[in-house]
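Next come the chains, spelled out residue by residue.
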Amino acid sequence: MQNIIYIGHFKDASGYANAARGYLRLLDKYLDHSKYNLKIIPINFEKEDYSKDQDKLLIQKYLLNDPLEFIKKNKYFLFVHCLPNFNNISSKEIKELPIKECIENTNCIKSVNMVAWETDKVPELWKQIYQQKVYNELIVFCDWNKEVFESQTGLKATVVYHPVYDFYELSERKKNEKFNIFSMSQWQYRKGFDILVRAYYQEFHDHDDVELFIKTYRSETSKGFDEETERRIIVKEITDYK
């Protein structure tokens, strides 16, 4: 039986976490468990657990309780579903998250980074990590990412599309009912809020029955700012985008 270790954001509210929970559901249902022994190591940077009850049961089912002991005794395939620069996180920093040890252990048969990035250029720091052959291969989530990553990293990239497992019935808009557009993501240039805001004002500036709602945060640049200051900064940037 072959061992698989899957490291990912299984509990938080990020896009990576939603994808990881979706893959875990698919692996639970379709993986040949007579041939493969699946174990997971959650990346927990948020205090709150956003996983649903069904996901909590699967996380508990496949949780690798003592990863350092496991990798000493067993050969395994490693899938690291997060930003590639997490490769240096070790048990010395976070006891339950020995990513570095899992990658560097001689029992690791192959290490695969599962990564998503919505631009036409791979960040320079990531290129340096990939050039060091920290990972053997990549898994990306669309054909465009495959083209970008293979041409700029020299690593083989396999496309595995994001699973969709929550379906909602479309409802007809009632007369005089407001149409709401909702966007939730981290407040940074890569997310394209400038394009979203300008498109909204261009298309709906004279429509009182259409509203844009944005839920966001600026964690990587907001150290020392209180919530009200954060809000004012974002509102100012939105106004400038008009």
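Residues numbered from 1 in each chain as written. Predicted model: local features only at pLDDT ≥ 70, side-chain atom pairs only at ≥ 80, totals over all residues. Heavy atoms only, no water.

Participant: Help me understand the pairing of strand β2 (residues 36-42) in this model?
Facilitator: Sheet faces and side chains relate simply in a regular strand, where the side chains alternate between the two faces. Pairing analysis gives 7 bridges linking strand β1 (residues 2-8) to β2, with the strands arranged parallel. Residue pairing in the sheet places Q2 in a bridge with Y36 of β2. Once you follow β1 into helix α1 (residues 15-30) and on to β2, the crossover reads as right-handed. (Pairing = 2+ DSSP bridges. Helix = DSSP H or I, 4+ residues; strand = E, 2+ residues; numbered from the N terminus. Right-handed = clockwise from strand over helix to strand, strands pointing away.)

Participant: Looking at this structure, how should I read unusual backbone geometry?
Facilitator: Most peptide bonds are trans, and most residues other than glycine sit at a negative phi. Phi is positive for K133, close to 60°, though the residue is something other than glycine. Overall, the relative accessible area of 52% leaves K133 in the exposed class. (Buried < 20%, exposed > 50% of the residue type's maximum accessible area, 1.4 Å probe, protein only.)

Participant: Is there a simple way to think about the packing of aromatic side chains in this case?
Facilitator: To describe a pair of aromatic rings, you give the distance between the ring centres and the angle between the ring planes. Going through the model one piece at a time under the given rule, you end up with 8 aromatic pairs. Their ring planes at 25° and their centres at 4.5 Å tell us that W187 and F193 sit as a pair that is stacked. The class for W187 is buried, based on a relative accessible area of 5%. On the basis of relative accessible area, F193 is assigned to the buried category, the value being 3%. Here the aromatic residues Y130, Y135 and F149 are joined through ring pairs into a cluster of three or more. (Phe/Tyr/Trp six-rings, centres within 6.5 Å; stacked < 30°, edge-to-face > 60°.)

Participant: Any chance you could explain the sheet that holds strand β3 (residues 76-81) here in plain terms?
Facilitator: Within a beta sheet, neighbouring strands are joined by backbone hydrogen bonds and run either parallel or antiparallel to one another. Ordered by their spatial adjacency, 6 strands build an open sheet running β2-β1-β3-β4-β5-β6, and the pairing between neighbours is parallel. Single-partner strands in this sheet number two, and they are β2 and β6 (157-159). Strand-to-strand twist of the sheet, defined as the mean angle between neighbouring strand axes without regard to direction, takes the value 25°. (Axes fitted to C-alpha atoms, helices over the stretch in contact; angles between N-to-C directions.)

Participant: Where do I start with the nonpolar core in this structure?
Facilitator: Generally speaking, nonpolar side chains in soluble globular proteins are found buried as a group. One finds I5, I7, L78, I99, Y130 and F149 to be the most contacted residues of the largest nonpolar core, which totals 51 residues. Sort the elements by how many residues they give to this core and α1 lands first, with 5 residues. Those residues in contact with F149 that lie beyond four places of it in its chain are V115, W117, V122, W126, Y130, L138, V140 and G154. Judged by nonpolar contacts, the second largest core, of 6 residues, contains F193, I234, I238 and Y241. (Core = buried A, V, L, I, M, F, W, Y, C linked by side-chain atoms within 4.5 Å. Contact = heavy atoms within 4.5 Å.)

Participant: Teacher, can you tell me more about a nonpolar patch on the surface here?
Facilitator: Together, F182, M184 and F213 make up an exposed nonpolar region whose accessible area comes to about 350 Å². Counting through the fold element by element, M184 comes out in strand β7 (residues 179-186). Residue M184 is classed as exposed on the basis of its relative accessible area of 52%. (Patch = residues over 30% accessible without salt bridge, like charges linked within 9 Å, V, L, I, M, F, W, Y side chains within 5 Å. Areas by Shrake-Rupley, 256 points an atom, 1.4 Å probe, with all protein chains shown as cover. Salt bridge = Lys/Arg side-chain N within 4 Å of Asp/Glu carboxyl O.)

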